[in-house]
Amino acid sequence: MSGFAPRAQSGWRTSKHLSEVTGLYDHRNTTREIEEGKPKIAIFSVGAIEQHTAVLPVGTDFMVVSEVARRVGKKLNAYVVPTVPFGTSYEHRGFAGTVSIRPDTLYRFVKEMIVSCYEQGIMKAAVLLGHGGLWAVKPAIRDLNYEHPEGMAIWMSPFDRAIRAQGLLDGVMETADQEVHAGEIEVSCMMAIDEETVKMEYAVDYVPDVSREFLDYVPMKAISPCGVWGIPSKASKEKGEKCLEAYAETTAQYILKSFQDIASAKSTLEGRTDCQ
């Protein structure tokens, strides 16, 4: 019917935008709420569906990075796009439940998601990596920045960012230097997110006598038959909560500083006429 305008009716109640309650925008918001809210940053995240021993669910990477993205979104009042569950998990082939995609598939997926946000005016995009094998995201971000200089796209690993921040995990995680897969950190984080999914009765501590790059040469089964690389017995729910908050805080800080630095560099480039 032409000329229709929504109006309050008896029995209807007006509700706050969900973002007023949650502090972020996500898939639960309406398109109108997102348009009116005008979030300036889109938070993307990529996880993995892969074995995490008999202790953790195959969705661990997906669940952890989704929680970190949610916390980062609240700190930045950003639009948090649902996490991509699948990553490149070749190294976990042979374990039941692992689902992997090709690097070129992930490359295209990341680029197309970000461009779709550019098209609606969200010109800053940050991609959070929830799995160590997501190297295809880096060239996707690089190509995107040169193909679409009107936007800004960055990537980061919350785990690496928190580890590099001096003191953030000191006194919290005892074996961070030995953690690669399903160890103290991941088990602790999952305890904080959904303790019922953690089966500590199956926990086995094991640190292979090789360096991490061996996962580029042979599958995990050849290095650790149980699929663990770390010390899960040291995990606790309290450690997990502290770790998740450290991830979120360092990631949010990095995102803000990166966008500020990129904008400054672009401004300098526009005003430069020679090499001086």
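Along each chain, residues carry numbers from 1 onward, in the same order as the chain's sequence is written. Local features are withheld for residues below a pLDDT of 70 in this predicted model, meaning they are given only at 70 or higher, and side-chain atom pairs are given and counted only at 80 or more; totals for whole chains, interfaces and linings count all residues. To obtain the side-chain values, all non-hydrogen atoms of the structure were used and water was disregarded.

### What to know about the overall build of the chain
- Within the chain, the secondary structure is distributed over nine helices and four strands.
- Any two residues whose heavy atoms approach within 4.5 Å at even a single point are treated as in contact. Considering only contacts within the chain whose residues lie at least 6 apart along the sequence, 74% involve residues at least 24 apart.
- Summing over all exposed atoms, the chain offers an accessible surface of approximately 15,000 Å²; the carbon and sulfur share of this is 53%. Helix and strand assignments follow DSSP, with helices taken as H or I runs no shorter than four residues and strands as E runs no shorter than two, numbered in order from the N terminus. Every accessible area reported is derived by Shrake-Rupley at a probe size of 1.4 Å, with residue values counting cover from the shown protein chains alone.

### Looking at the nonpolar core
- Within the largest apolar cluster, 38 residues are counted, with the highest numbers of intra-cluster contacts made by Ile 43, Val 72, Leu 76, Leu 128, Tyr 247 and Ile 255.
- Those elements that place two or more of their residues in this core are β1 (41-46), α3 (60-76), β3 (124-129), β4 (152-156), α7 (184-194) and α9 (237-271).
- In terms of residue count, the dominant contributor to this core is α9 (eight residues).
- Discounting chain neighbours no more than four positions away, the residues touching Ile 255 are Ile 41, Ile 43, Val 72, Leu 76, Ala 126, Leu 128, Ile 154 and Met 156.
- Put simply, buried Ala, Val, Leu, Ile, Met, Phe, Trp, Tyr and Cys residues joined by side-chain atoms within 4.5 Å make one nonpolar core. Burial classes: relative accessible area under 20% of the type maximum marks a residue as buried, over 50% as exposed, and values in between as partly exposed (1.4 Å probe, protein chains only). Counting residues in each nonpolar core, the second largest holds 26 residues, with Val 110, Ile 114, Leu 129 and Ala 153 among its members.

### Re the packing of helix α4 (residues 103-118) against helix α5 (residues 137-147)
- In this analysis, axes come from line fits to C-alpha atoms, helices being fitted only over the stretch in contact, and the angle between any two N-to-C directions falls in the range 0 to 180 degrees. Following both chains from N to C, one finds α4 and α5 inclined at 40°, their axes separated by 8 Å at the closest point. With respect to α5, the axis of α4 lies oblique. Handedness of the α4/α5 crossing: right-handed. Residues Leu 106, Tyr 107, Val 110, Lys 111, Ile 114, Val 115 and Tyr 118 of α4 form the contact with α5, whose own contacting residues are Val 137, Pro 139, Ala 140, Ile 141, Asp 143, Leu 144 and Glu 147. An angle below 35 degrees is read as roughly parallel, one above 145 as roughly antiparallel, one from 65 to 115 as roughly perpendicular, and any other as oblique. By the definition used in this description, the sense in which the near helix is turned from the far one sets the handedness, with an anticlockwise turn below a right angle giving left-handed and a clockwise turn giving right-handed.

### Observations regarding the confidence of the model for the chain
- Confidence scores per residue from the predictor, reported as pLDDT, run from 0 to 100. Looking at the chain as a whole, its pLDDT mean stands at 91, while 88% of the residues score no less than 70.
- Long-range and interchain partners of residues 8-14, a stretch whose pLDDT sits below 50, account for one contact in this model, where long-range means more than four residues apart.

### Let's talk about the environment of Ser 236
- Relative to the elements of secondary structure, Ser 236 occurs in the loop between α8 (220-223) and α9.
- Take Ser 236: its relative accessible area is 21%, and that puts it in the partly exposed class.
- It is 4.9 Å that separates the C-alpha atoms of Ser 236 and Ser 188, two residues lying 48 residues apart in sequence.

### Things to note about unusual backbone geometry
- For Thr 53, which is not glycine, the phi torsion reads 65° and is therefore positive.
- Looking at where Thr 53 falls in the secondary structure, it is placed in the loop between β1 and α3.
- Even without glycine at this site, Ala 182 takes up a positive phi of about 60°.
- Position of Ala 182 relative to the elements: it lies in the loop between α6 (158-164) and α7.

### Topic: the pairing of β4
- Counting buried residues along β4, four of its five residues qualify, which places the element largely inside the surrounding structure.
- In short, DSSP must find at least two bridges between two strands for them to pair. In this sheet, β4 lies alongside β3 in parallel orientation, the contact comprising five bridges. Counted as the bridge partner of Leu 128 is Met 156 from β4.
- If you view a crossover with the strands going away from you and the path from the first strand over the helix to the second runs clockwise, you call it right-handed. Running through α5, the crossover from β3 to the neighbouring parallel element β4 is right-handed.

### Some thoughts on the side chain of Ser 258
- On the secondary structure map, Ser 258 appears in helix α9.
- By relative accessible area, Ser 258 is classed as buried at 10%.

### A closer look at a nonpolar patch on the surface
- Only residues whose relative accessible area exceeds 30% and that form no salt bridge enter a patch; like-charged residues are grouped when within 9 Å of one another, and nonpolar side chains (Val, Leu, Ile, Met, Phe, Trp, Tyr) when within 5 Å. In what follows, salt bridge is the name for a side-chain nitrogen of Lys or Arg lying within 4 Å of a carboxyl oxygen of Asp or Glu. A cluster of nonpolar side chains, namely Val 210, Phe 214, Tyr 217 and Val 218, defines an oily patch on the protein surface of about 330 Å² accessible area.
- Looking at the element boundaries, Tyr 217 is found in the loop between α7 and α8.
- Residue classification places Tyr 217 among the exposed residues on the basis of a relative accessible area of 54%.

### Points about the pattern of salt bridges
- All told, the structure shown has 17 salt bridges when counted by the stated rule.
- Salt-bridge contacts for Glu 147 lead to Lys 111; the nearest nitrogen and oxygen are separated by 2.8 Å. Remark: Lys 111 occurs in helix α4 and Glu 147 occurs in helix α5; sequence separation between them is 36 residues.
- Across the pair Glu 195 and Lys 237 runs a salt bridge whose closest N-O atoms are separated by 3.7 Å. Taken together, the residues span a long stretch of sequence, with Glu 195 in the loop between α7 and α8 and Lys 237 in helix α9 at a distance of 42 residues.
- The class for Glu 195 is partly exposed, based on a relative accessible area of 43%.
- Salt bridges sharing partners connect three or more residues here, namely Glu 67, Arg 70, Arg 71, Lys 75, Glu 241, Glu 245 and Glu 249.

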